[in-house]
Amino acid sequence: MARELIKGNVAVAEAAVRAGLVSYFGYPITPQTELLEYLSARMPELGRAFVQAESELGAINMVYGAACTGRRTMTSSSSPGVSLMQEGLSYIACTELPVVVVNVVRGGPGLGNIAPSQGDYNQATRGGGHGEYHQLVLAPSSVQEAVDLTTLAFDLAEKYRTIVMILMDGSLGQMMEPAELPPFQPIKTEVPDWAVNGESGREKRVLTSINIDPPAQERTNIRLMTRWQEIEANEVRYKGYSLEDAEYVVIGYGTAGRIALSAVREAREKGIKVGLLRPVTVAPFPVKAIDALVPGTKAFLVVEMNNGQMLEDVRLVVSGRKPIAFYGRMGGMVPYPDDVLREIEALASGQISFDEHPRERWLAQMRAEFGTGA
Amino acid sequence: MIASDVKLVYQRPLGFEERGTHYCPGCTHGVAHRLIAEVLEEMGELGHTIGVAPVGCAVFAYNYFAFDFVEAPHGRAPAMATGIKRSLPDRMVFTYQGDGDLASIGMGEIVAAAARGEQITTIFINNTNYGMTGGQMAPTTLPGQVTTSSPHGRDVERQGYPIRTAEMLATLEGAAYVVRRSLHDAKNIRLAKKALRTAFEVQKQGLGFSMVELLSTCPTNWGMTPADARVWLAEHMLPYYPVGDFKVSNAISFEKQGGN
């Protein structure tokens, strides 16, 4: 198949269609809306279900119902909308249903703005809703990767009966890039043995998230945790760039990872031995891959479009064995490769003090540069 | 030994599980459940039906019905039912919701589902209070009615007036059949069953959204005997919530449904 120039939001929508999406439920919110708009025409054309819901609450609960039938379903939204969906996501997690959710993250908190951000990292990787559960989180850094991960998302959701979130950001959703779309998969006809589909001639099936008996809830939670351990063991994905002889390692995902890659390449041209590790799954987090880099690395630099949320995951792995620096932009601001290059150069020249939490130095620098706003 | 001329006149509906009730004595949830099971059995739909349970006293409704069920977050049953119906359009899909669930936290979902003409049926239990949490004020609590969160009686100056949900939903084009019935005596229970039959037929024929509001008793939280609760319903609820047909689409050609 040929590559075509396609917008991130539309590419993910078409990739989902080709993965055998049976139903889509969503609500307009920038910078995700093209995904919904595209499917509003595409799904009916194929005789599949599309509903523009009354709210994100409505959308996620329609997805909840559709997922109970065992057929492929998804929704998409952006940060404030995904916050509204957290109620439904917690119920879906407890009911152990396969659901794909796309979050085209924008600047926040609050209404924030519609610019690209990674501010929802904690919400995405810590479950987000009430109670203890995990969701698989895939973080593409290009339109092509978003397409590929969309196909994967449906397979992983079904394999583990789990929520898979595709964590994008406003720039990935809005950007046009050449990408190759996958071939059409037929819509699955086999019905999972847990699906509530109103069939006769078998025991009735009930799907619920209520376990009024605490021991039963605890057993459910143990099952969820066991499945998460399986996911941690089998589904970690990341990309490494120039890591073989790297003395310094940059860690960044999604758009920040992509920007960091440009900076790493420039730094290499300047003779700095630096590499990049880009987590593709931010949950499960590539713990072993980072751990393996610790002995050969002089210092790490974490780059994010937030206030250092993944930074805490990196700190947990590195556990004080090596210094870590942080550079981030917040509120819908996107770092330039030159910003990251400057940080790499500072790191390599030993200018950065590692006595305090990496966020302290960064925040002091941000205040000096941009003021406190007070 | 049963004599050969003995006729079976009453038995557990096929749509029911064999289990004891967890509902309070005198509560009309059991009556409503039974009517649904009877109607679906008579229509031959037991093998094609998916129910959506609410949050509230009926959260465990699926323990009583002998067919597939899901359990929705508070108020979201119409959205969940939409997802199911759009995925499996040939199935009979219904929600069973109380007044806190449907008319308070879930008002957005029910209005939107009715407006879309979603091909689902809703059974709406109105007993003027939040039963499961112990009898707090609901959107349906009558003016002056004492509840645990309106201890001096619902003060309409500060807490507003109760919502007539059926009348409100009847204004929506997508709603094909919206009626109110009551479960306080045998005659009204028979009329309620006829209305449920019509509501499910509306769904089967794809005519649009259908809802039957059922006036119900809550003797425990009302602090009355079951018998007194029935009298209280007739004397206090019926004047504010009259039984009747608020929307009957022209496409419905079934025999006339008696309301009053």
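All figures in this text were calculated on a predicted structure; none of them were measured in a lab.

The rules we used
- Note that residues are indexed from 1 along each chain, following the sequence as it is written.
- A letter from A marks each chain and a number from 1 marks each ligand, given out in the order of writing.
- With the structure being a predicted model, the display of local features is reserved for residues of pLDDT at least 70 and the display and counting of side-chain atom pairs for 80 or more, all residues being used for whole-chain, interface and lining totals.
- Comment: elements are numbered from the N terminus, with helices defined as DSSP H or I runs of at least four residues and strands as E runs of at least two.
- Residues with at least 20 neighbouring C-beta atoms inside 10 Å of their own are called buried, those with 12 or fewer are called exposed, and the rest are partly exposed, where every C-beta is derived from the backbone.
- Our contact criterion uses C-beta atoms placed from the backbone: two residues qualify when those atoms are within 7 Å.
- For a helix, the expected span equals 1.5 Å multiplied by the number of residues minus one.
- We define the bend at any residue as the angle between the axes fitted to the seven residues before and including it, ending there, and the seven starting there.
- The classification used treats Ala, Val, Leu, Ile, Met, Phe, Trp, Tyr, Cys and Pro as nonpolar, Asp, Glu, Lys and Arg as charged, and all other residues, Gly among them, as polar.
- Each pair of strands is called paired provided DSSP finds at least two bridges between the two strands.
- A right-handed crossover is one whose linking path, passing over the helix from the first strand to the second, runs clockwise when the strands point away from the viewer.

Enquirer: Describe the overall build of chain B, naming the residues involved and giving the relevant values.
Expert: Counting its regular elements, chain B contains nine helices and nine strands. Dimensions along the principal axes, computed over C-alpha positions, put chain B at roughly 60 × 50 × 35 Å. Burial status across chain B gives 54% buried among its 260 residues. Put simply, 67% of the contacts in chain B that link residues at least 6 apart link residues at least 24 apart.

Enquirer: Lay out helix 4 (residues 79–95) of chain A with the relevant residues and their values.
Expert: All names here are of chain A. When the terminal C-alpha atoms of helix 4 are compared, their 24 Å separation across 17 residues agrees well with the 24 Å that a helix rising 1.5 Å per residue should span. A bend of about 45° at Q86 is the largest found in helix 4. Burial of helix 4 is extensive: 13 of the 17 residues sit out of reach of the surface. Positive backbone phi, approximately 60°, marks E96, located one or two places after helix 4.

Enquirer: Talk me through the interface of chain B and chain A; I want residue IDs and the actual numbers.
Expert: Listed as interface residues are 28 residues of chain B and, on the opposing side, 33 residues of chain A. Among the elements that make up the side of chain B that touches chain A, the one with the highest residue count is helix 2 (residues 77–87) of chain B (eight residues). Of the residues that constitute the side of chain B that touches chain A, the class distribution is 15 nonpolar, seven polar and six charged. Relative to strand 2 (residues 69–71) of chain B, strand 9 (residues 206–207) of chain A is paired through two bridges, and the arrangement is parallel. Residue pairing in the sheet places V206 of chain A in a bridge with F69 of chain B of strand 2 of chain B.

Enquirer: Can you tell me about the pairing of strand 15 (residues 324–328) of chain A, naming the residues and giving the values?
Expert: Residue and element names in this part refer to chain A. With five of five residues buried, strand 15 is to be regarded as a mostly interior element. Across the two faces of strand 15 the burial is the same, with I324, F326 and G328 and A325 and Y327 all buried. With five bridges connecting them, strand 14 (residues 299–304) and strand 15 associate as parallel partners. Bridge pairing in strand 15 places E304 opposite G328. As for the winding sense of the linkage, the β-α-β connection from strand 14 through helix 11 (residues 310–318) to strand 15 is right-handed.

Enquirer: How would you sum up the environment of I272 of chain A? Please name residues and give values.
Expert: With respect to the helices, strands and loops of the structure, I272 of chain A is situated in the loop between helix 9 (254–269) and strand 12 (274–279). Residues contacting I272 of chain A, with those up to four places away along its chain left out, are Y248, A267, I344, E345 and A348 of chain A.

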